[in-house]
Amino acid sequence: MSYISKPKFKHPLLKTNDLGLTRRDYEGSLTTLCGGCGHDSISAAIIQAAAEMSLEPHRVAKISGIGCSSKIPAYFLSKANGFNSVHGRMPSVATGANIANKELYYVGISGDGDSASIGLGQFCHIVRRRINMLYIVANNGTYGLTKGQLSATADLGSKTKSGEESLYDAIDLATLAIELGASFVARSFSGDKKQLVPLLQAGLKHKGFAFIDIISPCVTFNNTDASTHGYKNTWDSYVALSAIDYVPMRKEITTSYAPGRVKEITLHDGSAIHLHKTSDDYDPYDKENALHHINAYKKQGKIATGLLYINQTTSDLHEIQDTFDKPFNSLGNIELCPGNAALTNINDTFR
Amino acid sequence: MPKIIQTSKVSSITKINDFVVKFANVNGSGSASANTMFAKSIFRMGIPVSPHNIFPSNIQGLPTWYEVRISEAGYLGRREGVDLMVAMNEQTIKKDIEAVVPGGYVLYDSSKTLPNELVRDDVHYLPIPLKDICLREYDKPNQRQLFKNIVYVGALAAFLKIDFKILTDIVSDQFKGKERLILPNVHALELGHQYASDNFECPLNLQLKHSNKTAANILIDGNTAIGLGCVYGGATVASWYPLTPSTSVVDAFSSYCHRLRIDPGTGKKKFSIVQAEDELSAIGIAIGAGWNGARAFTATSGPGISLMQEFLGLAYFSEVPVVLFNIQRVGPSTGMPTRTQQGDLLACAYASHGDTKHVLLFPSSPKECFDFAADAFDIAERLQTPVIVMSDLELGMNEQICDPLQWNDKREYDRGKVLSAEALESIQRYGRYLDTDGDGIPYRTYPGTHPEKGSYFTRGSSHDAYAAYTEDGNVYAEVMDRLALKMRTAVKYLPKPEITAQGKHRLGMLYIGSTQSAIQEVQDNLAKKGINLNTMRIRAFPFHEEVKQFIDQHELVFVIEQNRDAQLKTLLKIECNINEQQMCSILSYNGVLITPTHIEQAILQTMPKLTHSN
């Protein structure tokens, strides 16, 4: 969406990953978002996460709805196919795409207007359907593209730049996702790349529906001290339930941690995440416990972040439906058409 | 016991293989399967038969009718007037008896005396104590209810001379796998047959005689044929939201997939069916799957079409193939959900905001439902755009006689212009929306095909030939012009209109879809009166050149359609630049299938206004 094309220059000393690609190979077109927008930090985190993991860019499908958030897919992984669909309907498009070819990585990018208002129904139902994907909400509590109306994730009492105060309780997409059966739920902050990058990596590798609610301040319309989604409030009230490291499959684990507070979680493909919990009584495997911690912090005006909940025992839609091993989009006449002999028998049942 | 109860002063009508039997029932009483059995037995006797369900939007307790036209001549349209009424519903019995033609018959349950005001002296009554017979024969309340229906079918077999062996065969077929149900049903048929034979002079003057007119045919409903067509057409993804009268499309797809699409080696499914949370999601899923290279469809009706508008615009503009079956019902709004109409033509042809246009197919028989369902996937992928198959409740939910379904085993799916990794290698710079061939159809890639080439950003926002966002008005206009060109190219891939031009007549009839059932009869009846008409059945939109030619070749063309606002005529005016004076609308929008009589009368009324005789 830019009038300025991005320079193609690559620094000769840029590090390459296992595929021989540099970070530049994971970039997208030049951003057209406002300077300092949290969403650009999300793009940067995705680029870093994918490059570090040596993800093949063309094996990723980026799908979004409408809004500032939904422009993000244009700004990372230009070699991946993208689909900027209609407002609030990314979940259905992602569902169909995933059914058609289960072998790609699916990254859904949405916003708080897109997922918590116009698309709340679709959000709930994609969680229920256990689509194997990473679903990101870039959450700024405001409608940026229409110039700063409050969104449904704006906290009660939060104020936008124009002074409009939120009179209603906020919808918390992370707790909703946990309630509805998402098997990987995290919350992070666009400003905290150290936390966000390993969460993105773990979310991509998690088999099942992974959801990350990323607080991503809108510098233009919702970054005042009176806004709970601004940089200041987020930094002030930000609490990590655990610190997280993503450990790729083949890396030997060398660091040692103090016992009790460290959890190693092995992901589907053999890679792992290490959680360094800040408290002993927090258990990310326990739904009620996770919800309790999120809500307890909320009462104190704090935002619980990090990996909030994980369940590695659920099946994804393809497993639930027991679909064929080969992707549907690779099947042709031979696999799909029963032929005229079968039809002749079927005709006989209508005589 | 008296052999026949003669309540009529007039002689009874005498007809062989040419009459109408109507069943008036209470819905939820189990009448549907008995009535179907009746129609099927006539079909198996080789006699053309067309049953029509006229049912309420309700599960139990409201009136429902099943109207069976029997016609040796092969006329399958609805005929007004009833020759034999099976009056099983006390709520409607007065009107039902009134509908019987003089000299016709009323079969009723005489367990209760018929009130005097319901006795007409110009029809014959066939009283059968159905309730008493079933009370005597059966212990369980549900059997007493259900078998009443079978008993009256047994009685009809005696009255009309239905081949009893055929009836019992149908029972055996129907309960295959539930054999313990066969004997009680056959017994119920025998009870009815026996009672009628003992108490009346059987058969009546309305009679059935074995024929050979249906030997090659099948009796199937349009929705089942569509479901099967989707299996044959290679659909792997069905996403839908339940909506009458489209529901049985996905039911049929599901049932045939479970038989025909399970991998024998692994037992895994080569299909996925998602019952979505609403119609927006239903079409969104189909579009997502289509974008990613799977053949996907959704089925809906009017209210669903309204909800799908935004997504249809996206698929049109971003050029994603998707197939949509619209089983039309009566609108606007909730309308009459269980009645038929052709009321969504304009809503579908130009669905969504901005300049859009969509490919529509108009099947007119179950066979064509099957063919068009399979073809729709080829057309959608060839053109990279939505294809909407416009059926209706009449065609979708009623069994109809048609030619058997056929598949050419040599046929290969037309997946359209899709570039493989090898093909991408030889291309300097790939442009998703470049019109390389000059036909308005660009080349697409499936996501994930090639590491370096072929990826693009699909969007509903304005884009250039390389799929990049643009607000340059000229670039936008170029894309819109190419899309218009693509729609002109589309015609080449669409089924041509079917024309019967028997001579140089001045008059023509133009119609679509289920109206077909009436046309032959109209033509024959009017020919007897010296009025000869050529006909054209349009099978697709955008229209072929032949459509305009046909209209131009005639002094007046009757445009026959089942809606209030002459939507087909409007489309013809917009798209073909036709002089309004050359077209005369014949419209029917009472929720039931248009009848030949309605069309004939409309034409006869117009005739004197024409300057010359035909």
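I'd like to hear about the overall build of chain A, residue by residue, with values.
Secondary structure summary: chain A contains 12 helices and 13 strands in total. Radius of gyration (C-alpha) of chain A: 21 Å, near the 20 Å computed for a compact globule of 351 residues. In terms of overall dimensions, chain A has a C-alpha envelope of 75 × 50 × 50 Å along the principal axes. Within chain A, buried positions represent 54% of all 351 residues. Excluding contacts between residues fewer than 6 apart, the proportion of contacts in chain A whose partners are at least 24 apart in sequence is 71%.

Run through the domain arrangement of chain B, naming residues and quoting values.
Residues and elements named next belong to chain B. If you check the domain split of chain B, you get domain 1 (15-207), domain 2 (220-402), domain 3 (421-493) and domain 4 (498-609). Here the C-alpha centre of domain 4 lies 27 Å away from the C-alpha centre of domain 2. Across the contact, 22 residues belong to domain 2 and 21 residues belong to domain 4. In terms of residue class, the side of domain 2 that touches domain 4 is built from 12 nonpolar, six polar and four charged.

Any details on the nonpolar core? Residues and values, ideally.
A:Leu308 and B:Leu107 are the most contacted members of the largest nonpolar core, which has 274 residues in total. Sort the elements by how many residues they give to this core and helix H4 (residues 141-160) of chain B lands first, with 12 residues. Aside from chain neighbours lying at most four places away, what touches B:Leu107 is B:Leu84, B:Val86, B:Ala87, B:Leu126, B:Ile128, B:Tyr152 and B:Ala155. Among the nonpolar cores identified, the runner-up in size contains five residues, and A:Leu33, A:Cys68, A:Cys218 and A:Phe221 belong to it.

For the interface of chain A and chain B, give the residues involved together with the corresponding values.
Listed by partner, the interface residues are 50 residues for chain A and 58 residues for chain B. Those elements that place two or more of their residues in the side of chain A that touches chain B are strand S2 (81-84), helix H3 (90-100), helix H5 (120-129), helix H11 (333-336) and helix H12 (339-348) of chain A. Top element by residues in the side of chain A that touches chain B is H3(A). It accounts for eight residues. Among the residues making up the side of chain A that touches chain B, the classes are represented as 22 nonpolar, 20 polar and eight charged. In the sheet, S2(A) pairs with strand S18 (residues 457-459) of chain B via three bridges, with the strands oriented parallel. For A:Gly82, the partnering residue across the bridge sits in S18(B) and is B:Phe457.

Give me the sheet that holds strand S19 (residues 498-500) of chain B: which residues, what numbers.
All names here are of chain B. Pairing in this open sheet of five strands is mixed, and the strands run S19-S21-S20-S23-S24 from one edge to the other. Because the sheet does not close on itself, it has two edges, and the strands there are S19 and strand S24 (583-587). Looking at each pair of strands side by side, their axes are set apart by 20° on average, direction ignored. Pairing between S19 and strand S21 (residues 533-537): three bridges, direction antiparallel. The residue of S21 that forms the bridge with isoleucine 499 is methionine 536. Those strands touched by helix H16 (residues 516-528) are strand S20 (507-511) and S21, and its axis lies near 170° from that of S21. With respect to the sheet, helix H18 (residues 567-576) is in contact with strand S23 (556-561) and S24, its orientation differing from that of S23 by roughly 130°.

So what's going on with the confidence of the model for chain B? Residues and values would help.
In the predicted model, chain B carries a mean pLDDT of 95, and the fraction of residues at 70 or more is 98%. Listed scores for the predicted complex are pTM 0.96 and ipTM 0.96.

Tell me what's going on with unusual backbone geometry, and back it up with residues and numbers.
All names here are of chain B. In the segment running from glycine 331 into proline 332, the intervening peptide bond is cis, with an omega of 0°. Despite not being glycine, glutamate 319 shows a phi value in the positive range, around 65°. As for its placement among the helices and strands, glutamate 319 is situated in the loop between helix H10 (302-318) and strand S13 (322-330). On the neighbour-count criterion, glutamate 319 (23 C-beta atoms within 10 Å) is buried. Here the phi dihedral of asparagine 577 falls at roughly 55°; this positive angle occurs in a residue that is not glycine. Locating asparagine 577 in the fold gives a position in the loop between H18 and S24. For asparagine 577, a count of 8 C-beta atoms within 10 Å corresponds to the exposed category.

Parameters and conventions
- Residues numbered from 1 in each chain as written.
- Chains lettered and ligands numbered in written order.
- Predicted model: local features only at pLDDT ≥ 70, side-chain atom pairs only at ≥ 80, totals over all residues.
- Helix = DSSP H or I, 4+ residues; strand = E, 2+ residues; numbered from the N terminus.
- Rg over C-alpha atoms; globule rule 2.2 N^0.38 Å.
- Buried ≥ 20, exposed ≤ 12 C-beta atoms within 10 Å, placed from the backbone.
- Contact = placed C-beta atoms within 7 Å.
- Domains from an automatic or database assignment.
- Nonpolar A, V, L, I, M, F, W, Y, C, P; charged D, E, K, R; others polar.
- Core = buried A, V, L, I, M, F, W, Y, C linked by C-beta atoms within 7 Å.
- Pairing = 2+ DSSP bridges.
- Axes fitted to C-alpha atoms, helices over the stretch in contact; angles between N-to-C directions.
- pLDDT = per-residue confidence, 0-100.

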